[in-house]
Amino acid sequence: MRLWCPGPRGTSGIPGNAAGRPGLPNGSMPGRAPPEPPRPEPPWDSGPGPSWGRSEGPSHEPPRESCPGLSRRASGEPPRESCPEPSRNASPQPWPGRSEGSSPQPPRESRPEPSGESPPGSSGARSGGASGKPSPERRPQVPPVPSPDRGARREPGGARPGPEDLVRAARAAGVRDERVLEALRRVPRDAFVPRAEAGSAYRDAPVPLPHGQVTTQPSLVALMVEALGLTGGERVLEIGTGYGFQTAVLARLAGEVVSVERLPDVAGRARRRLARAGIGNVSVSTGDGTLGVPERAPYDAVVVSAAFPEVPGPLVGQLRTGGRLVQPIGPGGREQVRQYERTPRGLVLRRTVVSARFVRLYGVHGYPPGTEP
């Protein structure tokens, strides 16, 4: 008995296609065709018949893919799209993104990561709650590091003042000794002023001290020290230590500095600042500066940082012959800084260094204490 078959290879193998219906293109399906009455089934043999969609004769080819429009055609619904006939030598194409040989499954939809959060599996910080939602990473709060020169005043150009500004001011005032200028450059003035005045340390101006005292202007310090004519091995007597800036400059230029300060608390601050600066060739004592320090005499040079109309006698007696003495002469506020030299005949004025304003010199051979102007 002859078995019925849909048709030879080259057709789509679906009932109602171009193999059994003339007038339709080969391998295509009508867009909207009315449902056909069921075709009478041919008689079947008792043996196994051919599988649907296979050509006559034995074949070991893999079964063709079923057309998704078949079930719709049987139910009377229009097919969605045409089902192209695969060629004989065509191999099944894998799904995009999958390797060949894996099961053909559609790719999973990728979910966009929310902005500002770490993707799963990253090292970002996560909350430990039940929601499992990522929490924004928390950075540790680091306290700001205080700057040692916070509050320092800046010049109009934006640069912060420094020791080089003091050197320039001293040159402009007339200082020519390079050793004095180098000492001014090496001594950090901000270490020898009150902490509240550190921002003004490198301005060529006096700085207020406790008890109504003030420091000497840096360029004026340089002029007075230069007038002493130090060469490196002298013993110097300083009257009026203040916070120790001039003392530190003298220590870089002389062999030994003996300093006297009238106010005990100011003398203590000067000692601590000089010690922190590592200056060891200095001794600071508290007492009446007009009396000098006779037990350490004679001195090669004497510098007085307060004003009186004449040089105290004890200071002249403690100065060796050939030594120099520099002191502001005046009532306090309108002085002339003068340079003297000790000779066998006594103290001789050599020159006027500069005009300036100083606080008064108090003591037995100066103004009596409590007679402030």
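How each quantity is defined
- Residues numbered from 1 in each chain as written.
- Predicted model: local features only at pLDDT ≥ 70, side-chain atom pairs only at ≥ 80, totals over all residues.
- Heavy atoms only, no water.
- Pairing = 2+ DSSP bridges.
- Helix = DSSP H or I, 4+ residues; strand = E, 2+ residues; numbered from the N terminus.
- Phe/Tyr/Trp six-rings, centres within 6.5 Å; stacked < 30°, edge-to-face > 60°.
- Buried < 20%, exposed > 50% of the residue type's maximum accessible area, 1.4 Å probe, protein only.
- Lys NZ or Arg CZ within 6 Å of the ring centre and 35° of its normal.
- pLDDT = per-residue confidence, 0-100.
- Contact = heavy atoms within 4.5 Å.
- Salt bridge = Lys/Arg side-chain N within 4 Å of Asp/Glu carboxyl O.

Looking now at the pairing of strand β7 (residues 346-356). The pairing of strand β6 (residues 335-343) with β7 spans nine bridges and is antiparallel. Residue V337 lies in a different strand from β7, and its bridge partner there is V354. As consecutive antiparallel partners, β6 and β7 are separated by two residues.

Glancing now at unusual backbone geometry. Cis geometry is adopted by the peptide bond preceding P298, which originates at A297 and carries an omega value of 5°. With respect to the secondary-structure elements, P298 resides in the loop between β3 (282-286) and β4 (299-304). A positive phi angle, near 65°, is found at H211, a position not held by glycine. Tracing the sequence through the fold places H211 in the loop between α3 (178-186) and α4 (218-228).

Let us look at the packing of aromatic side chains. One pass over the structure, following the stated rule, counts two aromatic pairs. Between F308 and Y367 the ring centres are 5.1 Å apart and the planes differ by 85°, which places this aromatic pair in the edge-to-face class. Of this pair, F308 sits in the loop between β4 and α7 (313-317) while Y367 is found in the segment after β7, placing the two residues 59 residues apart along the sequence. Taken as a pair, F308 and Y367 share a single burial class, namely buried. A cation over a ring is seen here: R189 above F245, with NZ or CZ 5.8 Å from the ring centre. Sitting over the face of the ring of Y367, R360 holds its NZ or CZ atom 4.1 Å from the ring centroid.

Here the focus is α4. The element α4 is largely enclosed, with a buried count of 11 among its 11 residues. Along α4, the residues classified as buried are P218, S219, L220, V221, A222, L223, M224, V225, E226, A227 and L228. Positive backbone phi, at 65°, marks G229, one or two positions downstream of α4.

A few words on the confidence of the model for the protein. Looking at the protein, the pLDDT average stands at 75 and 58% of residues meet or exceed 70. Between residues 44-61, whose pLDDT stays under 50, and residues either more than four places distant or in other chains, the model counts 20 contacts. Taken together, the stretch residues 65-75 has pLDDT below 50 and engages in 18 contacts with residues farther than four places along the chain or on a different chain.

Here we come to the pattern of salt bridges. In a structure, side chains of opposite charge can pair up when their charged atoms sit close to one another. Using the criterion set out here, one finds 10 salt bridges in the structure. With its nearest N and O atoms 2.9 Å apart, the salt bridge here joins R185 to E164. On the criterion of sequence distance, the pair formed by R185 in helix α3 and E164 in helix α2 (residues 163-173) is long-range, its members being 21 residues apart. For R185, a relative accessible area of 25% corresponds to the partly exposed category.

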